[in-house]
Amino acid sequence: MRPLRLTLRAFGPYAGEQVVDFREAIGAGLFGIYGPTGSGKSSIFSAISFALFGEPARDDQDASSLRSDHASPDCLTEVELIFELGAQRYLVRRRPEQVRPALRGGKDTKEAHCAWLFDVTGIPLDEITAENHGTPIAEKKVSAVAEELERRLGYGPEQFRQIVLLPQGRFEKFLAAKTNDRLAILRELFDVSLYKRLTQKMKDEAKAAEEKIRADRQLCTSRLEQEGFATLEELSAGAQQAQEEHKTEAAAAEAAKGHAALAGQTLAAAQEVEKAFAENDAAALALGSMEAKRKEIEEDRAVLSGALVAQGLRDVDVVMQRARTDLSNANETCVEAQAARAAAEDAMGKAADLLAAEQAKRGETEIMREQGAALKRHRDTLALAEKKKAATEEAARNARNAATIFETAHNSHSALVREQAAIAAQIKEAETMAGQRAALSAAAQELKSKLEAALGHDRAVKAVNDARGDVAGAREVHERNLRAQEAAQGGFDEAEAALAGAQAQHLAEKLRPGEACPVCGSHDHPAPAQGRAESAGRNDAFTAAREALDSARSASTGSGQIRAAKEATLSEREALLAELAKPENTAAELQAHSAKVQGDIQALGPAVDLEALRGALDRVESRLPEAGAAVEAARTSRDQAVTGHALAAQALENALAPVPEGLRTTEALEAAIAAADDELRRRDLAFEQTVKSEREAGEKQIAARKDEESAANIRDAARATLQEAEEGFGGRLAANGLTREQYEAHKANIGRIEELQASIERFGQDLHAARDRAARAGANVEGKDRPDLAGLGAASEEATRVRDEAFRKEANAASRADSLAKLAESIAAALSDIKKAEDAYAPLAAVAHAFSGRNNANMELEAFAIAAMFDLVLASANARFKPMSGGRYSLEREQEVAKGAGKKGLGIVVHDVHTGRTRATATLSGGETFMAALALALGLSDVVESVNGGVHLNTIFIDEGFGTLDTETLDQALQTLQDIVGESRAVGLISHVELVQQAIPFGFQISKTTGGSHISQRVA
């Protein structure tokens, strides 16, 4: 990745737009970014990181804090970076989440984080503008831009800060990182996911195979345990034993079967004999029963004989009984005829009375007949009035409809009037609130300005106080350094004088008369130094004093510069404070007042659209005249309809005046006519019925008298017939030697004659059959003994039970023998398959274990691959670290010791040529640590670019660290960076070191002002 142009707007300390054109700096190869502390040097790196990944260079800084405090509210924070990636050129533009003024309403609104990515390949850099931005790749959506950029770059923000952008202390962090942290970083830089997936695949396959073998073996063990065996051999022996047991049980079942059959045959024969004895007993019992019925049959014969005699007398008895019945009936008929005659005479009297009464009512009936005719005349009157009634009802409907229309129109008009009043009230209230809102908004804006001024003044006061404290501290340090310098100067003067005296005495001892002085060349020595020349240690004292003086001078010079810088900063801040007006109120008071005003604004609620309300009022008022006219028209129609209904009702009343009030409906009139007709018909029918009844009563009276005479004649004849029948019946009884009572007794059995005859005949037949059956049954049991059926039955049941039990045992034995044989065959086959699976699993498990770290190196395959890459990184780093350290140091992977076995992990140690040993990187000095970390970062970049063909590290940025190097080491470090540049790679760095700025003149200068920082180009 090679940056070409970076544009910053309202970013960090840069208030307006700043453009960084990297072309000349990158063309120089090695370039710097210089400026005072806090001017925004590192912000350039953050801008590049934010443009590419949406994150600052420092991972502890939030992207939302990147907005410049110096920028105006309407200037949006934005970063645009144009960069090359191989032969392609891209433009990425990004805005962080920020608050900006709303387009309407005077409030602030939050704008979300957004980004754009364009392909500008083939467009000259100077022609790329906001309008000419190439082909869009991804727009607005942050995730889409991030995905496209990371796919093209080949790394993400974390890797970017490891191999491209090296912030302050970031690459030293990688040098001192723990093994697991370094592993995580390298895993992201080097794509070794293949080895991780391969390791996991081998582990999964080995685990699945192992679990299947374990499950299959457990299944075999469970099946053996279910049958009570521990091994396959025991199962085979058990199956053989089950076969023998089956043979034994089969033989026992066959024997039990024969025994049960014999017992069944014996029981069947005994049952046949028992049936013969049972038949003999039953025949004897039946014969005895028949003999016991003989007396009863003789009694039936006597009853039959009497019944036959009574049957012969029954004809004369019937004649006599019939004569008695006829006499009784004739007596009853006479009584009834006498009663009928008396009743007929009484009915005749009553009919005559009723006829006289009906004849008296005929005048009243004629009056009612005339009234009925009058009612029928009213029917015609109602028919004529029906049309007037229909007209009246139509008028009533019209009146009701007109009233409904009037009410609807009146309600609509009233609703419009109410709506007009309500909208007018809303407009008045909205106008009042709008005035209040405008006043409060103006007050809020004024308070905001005052608050910003107060906060600026507070910051300026704090800055002045801080600067005063810094000046006081710097003055104290400088005065202390001046006193130390004076003391060092005195010590140096004394040491110099002592050394000079000793040297003079030493020279005086060497002087010879007439010889030249080795110092001044004179041959005369008028006053040589006296004393002994003891100068031992004075040279060392002089050297130490000189070094102390140099150190004190350097310290006082440095502290003087610091004091001057602090005093200049104080003067600058005091001047800035003097330019600011002191606020009338404190920031806290203004914030409280501002919060109250904002609360008052919020209490007013959302703004009301007055134009919409006025439009609604206009629409309502425009509808009012039409609604009023509709009300008046409806009122006129209603009044006309009411008048029409009244006139129609009066006409109907006039037409119905001749008709009584209660008969003015067809239903009532027809009911009255029907009632009158019914009453006339009833009266006429009653009169006719009375005449008829009187006539019929006379006829019945004559007939009753004739019936009475006839009944008396019939009664006398019946009495003579009865007397003749009684005399004939008495003669027949005497001839048969029976009394009247004996005859009555025998007559009761006449109905049983056939029954008695059949019973006597049947008894004879049954007695003969019983005697024959008894003879045959006795012959069948003659000479035989009765069997013991209970004993024989129990014996047969026992034999059957024994047979069934034997069959069950034989079936169980056969089933178990077959089951064990099949189980043995199945388990033998399963164990054979398990053995084959175990043989196949062994090499798979060995490979899986080796990939998982169970090997001589105690490393997983992924870690081994990363370690191999890391060895390349260390080799590339040492190619730079050794020259920078004068050949003294090189980096090695640490030999880790765990459980007595050594392994090489991802730890780093330093090999020191001077001692011939390795030691921890933490023992390096600050400058040595910087060199080691720089070499490691450069080596990491080399390997990442060489291994990942899609990653182009054309430019590397380094932030600070050179201040810890001495002059010689700094030269070596800069030479190393220059060598990198010679490898077609540009390096940009930030430094405060003057030698760095002298050695690397190309780059950019950051100037810091009160209104924000500015970037300018540096040239040689």
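An unreviewed UniProt entry annotates the chain as Exonuclease SbcC originating from Mycoplana azooxidifex.

Draft legend 1. Structural detail: the overall build of the chain. Across its full length, the chain holds 22 helices and 17 strands. Over its C-alpha trace the chain gives a radius of gyration of 72 Å, far above what one expects of a compact globule, namely 31 Å for 1020 residues. Each of the three principal axes of the chain carries a C-alpha extent, and together these read 235 × 130 × 60 Å. When burial is assessed residue by residue, the chain has 34% of its 1020 residues classed as buried. In the chain, the share of contacts with a sequence separation of at least 24, taken over all contacts with a separation of at least 6, comes to 75%.

Draft legend 2. Spotlight on the sheet that holds strand S5 (residues 88-95). The antiparallel open sheet is built from six strands, whose spatial order is S2-S1-S4-S5-S8-S9. Single-partner strands in this sheet number two, and they are strand S2 (14-21) and strand S9 (135-140). This sheet shows a mean twist of 10° between the axes of neighbouring strands, independent of strand direction. Contacts between helix H2 (residues 41-53) and the sheet are confined to strand S1 (2-11), S2, strand S4 (78-85) and S5, with S1 contributing the most and set at about 105° to the helix. Most of the contacts of helix H3 (residues 142-153) go to strand S8 (residues 114-119), to which it runs at about 45°, and overall it touches S4, S5, S8 and S9.

Draft legend 3. Spotlight on the domain arrangement of the chain. According to the domain assignment, the chain contains domain 1 (1-154 + 954-971 + 980-1019), domain 2 (171-190 + 857-950) and domain 3 (203-232 + 827-852). Centre-to-centre, using C-alpha coordinates, domain 1 lies 63 Å away from domain 3.

Draft legend 4. Highlighting the packing of helix H9 (residues 294-312) against helix H16 (residues 740-747). As a packed pair, H9 and H16 sit with axes 8 Å apart at the nearest point and diverge in direction by 110°. It follows that H9 is roughly perpendicular to H16 by the angle criterion. Packed against H9, whose contacting residues are Gly306, Ala307 and Ala310, the element H16 presents Tyr743, His746 and Lys747 at the interface. Looking at the contact of H9 with H16 residue by residue, the class counts come to three nonpolar, two polar and one charged.

Draft legend 5. Structural detail: the packing of aromatic side chains. Here the structure, examined in full by the defined rule, presents nine aromatic pairs. Between Phe22 and Phe957, the aromatic rings sit 6.3 Å apart at their centres with planes inclined by 70°, giving edge-to-face as the arrangement. Linking Phe22 in the loop between S2 and helix H1 (23-28) with Phe957 in strand S14 (residues 955-959), this pair joins segments that are 935 residues apart in sequence. Residues Phe22 and Phe957 agree in their burial class; the two are buried. A connected cluster of aromatic rings, assembled from ring pairs, spans Phe22, Phe31, Phe45, Phe957 and Phe1004. One cation-aromatic arrangement involves Arg638 over Phe406; the distance from NZ or CZ to the ring centre is 4.3 Å.

Draft legend 6. Looking closely at the pairing of S14. Of all five residues that make up S14, five are buried, and the element is covered over most of its length. Here S14 shows no split at all, with Thr955, Phe957 and Asp959 on one side and Ile956 and Ile958 on the other all buried. Pairing analysis gives five bridges linking S14 to strand S15 (residues 986-990), with the strands arranged parallel. Note that in S15 the partner of Phe957 across the bridge is Gly988.

Draft legend 7. Quick look at the UniProt feature "coiled-coil region" (unreviewed entry) in the chain. The feature "coiled-coil region" (unreviewed entry), as annotated in UniProt, sits at residues 192-219, 320-347 and 375-402 in this numbering. The straight-line gap between the two end C-alpha atoms of residues 375-402 is 39 Å; of that span, 100% is helix and 0% is strand.

Draft legend 8. Structural context of the pattern of salt bridges. Considering all chains together, one arrives at 58 salt bridges under this definition. A salt bridge links Arg816 to Glu227, with the shortest nitrogen-to-oxygen separation between them at 3.2 Å. With Arg816 in helix H18 (residues 789-851) and Glu227 in the loop between helix H7 (193-226) and helix H8 (232-292), the pair connects residues that are 589 residues apart, well separated along the chain. Residues participating in the shared-partner salt-bridge network are Arg5, Arg9, Glu17, Glu78, Glu80, Arg93, Arg95, Arg100 and Glu111.

Draft legend 9. Spatial organisation of the nonpolar core. In terms of nonpolar packing, the biggest core is built from 93 residues, with Leu6, Phe22, Leu52, Phe83, Leu936, Phe962 and Leu977 touching the most fellow members. Counting residues per element, this core draws most heavily on helix H20 (residues 926-947), which supplies eleven residues. When we break this core down by domain, the ones giving at least three residues each are domain 1 (1-154 + 954-971 + 980-1019) and domain 2 (171-190 + 857-950). Ignoring any residue separated from it by four or fewer positions in sequence, one finds Phe22 in contact with Pro3, Leu4, Arg5, Leu6, Phe31, Ile44, Ile48, Phe957 and Phe1004. Grouped together as the second largest cluster of nonpolar side chains are 25 residues, Met290, Ala307, Ala323 and Ile760 included.

Draft legend 10. Seen up close, H18. Compared with an ideal rise of 1.5 Å per residue, which puts 63 residues at 93 Å, H18 spans 88 Å between its outermost C-alpha atoms and is within 8% of the ideal. Of all bends in H18, the biggest is about 30°, found at Tyr841, and the proline Pro843 comes one to four residues later. In the stretch just after H18, Gly853 is the one whose phi turns positive, near 110°.

Draft legend 11. Spatial organisation of unusual backbone geometry. Positive phi, close to 50°, is recorded for Ala10, a residue that is not glycine. Positionally, Ala10 belongs in strand S1. A positive phi angle, near 70°, is found at Lys140, a position not held by glycine. Within the fold, Lys140 resides in strand S9.

Draft legend 12. Spotlight on the environment of Arg563. With respect to the helices, strands and loops of the structure, Arg563 is situated in helix H12 (residues 538-579). Relative accessible area serves as the criterion here: at 28%, Arg563 is assigned to the partly exposed category. It is 149 Å that separates the C-alpha atoms of Arg563 and Arg369, two residues lying 194 residues apart in sequence. Dropping the residues within four chain positions of it, Arg563 is found in contact with Ala474, Arg475 and His478.

Draft legend 13. Just the state of the cysteines, in detail. Summed over the entire model, instances satisfying the criterion amount to zero disulfides. Not part of a disulfide, Cys75 finds its nearest cysteine sulfur in Cys114, a span of 14 Å. When its relative accessible area of 21% is taken as the criterion, Cys75 is described as partly exposed.

Reading the values: the criteria
- Once a new chain begins, its residue numbering starts again from 1 and follows that chain's sequence as written.
- For a predicted model such as this one, the threshold for reporting local features is a pLDDT of at least 70, and the threshold for listing and counting side-chain atom pairs is 80 or more; totals across whole chains, interfaces and linings nevertheless cover every residue.
- To obtain the side-chain values, all non-hydrogen atoms of the structure were used and water was disregarded.
- Put simply, DSSP marks the helices as runs of H or I at least four residues long and the strands as runs of E at least two long, and each gets a number from the N terminus on.
- For the radius of gyration, the atom set is restricted to C-alpha positions; the globular benchmark scales as 2.2 Å times the number of residues to the power 0.38.
- Relative accessibility under 20% of the residue-type maximum defines a buried residue, over 50% an exposed one, and the middle range a partly exposed one, all with a 1.4 Å probe and only protein chains included.
- Whether two residues are in contact is decided by their heavy atoms, any of which lying within 4.5 Å being enough.
- Strands are labelled as partners when DSSP assigns at least two bridges between them.
- Lines fitted to C-alpha atoms define the axes, with helix axes restricted to the stretch in contact, and inter-axis angles between N-to-C directions lie between 0 and 180 degrees.
- Segmentation into domains, and thus their bounds, comes from an automatic or database assignment.
- Each angle gets one of four labels, with under 35 degrees taken as roughly parallel, over 145 as roughly antiparallel, 65 to 115 as roughly perpendicular, and the rest as oblique.
- Residues are grouped as follows: Ala, Val, Leu, Ile, Met, Phe, Trp, Tyr, Cys and Pro are nonpolar; Asp, Glu, Lys and Arg are charged; every other residue, Gly included, is polar.
- Classification of ring pairs uses Phe, Tyr and Trp, with its six-membered ring standing for Trp, and accepts pairs whose centres are within 6.5 Å; under 30 degrees between planes counts as stacked, over 60 as edge-to-face, and the remaining range as tilted.
- For a lysine, the NZ atom is tested; for an arginine, the CZ atom; a charge sits over a ring if that atom is within 6 Å of the ring centre and within 35 degrees of the ring normal.
- UniProt positions are given in the numbering used here, feature names are shortened, and annotations may be inferred rather than shown by experiment.
- Salt bridges are identified by distance alone: a Lys or Arg side-chain nitrogen within 4 Å of an Asp or Glu carboxyl oxygen.
- What is meant by a nonpolar core is a set of buried Ala, Val, Leu, Ile, Met, Phe, Trp, Tyr and Cys residues, joined one to another through side-chain atoms within 4.5 Å.
- What a helix should span is 1.5 Å times the count of its residues minus one.
- Throughout, the bend at a residue refers to the angle made by two axes, fitted to the seven residues ending there and to the seven starting there.
- Criterion for a disulfide: a pair of cysteine sulfur atoms at a distance within 2.5 Å.

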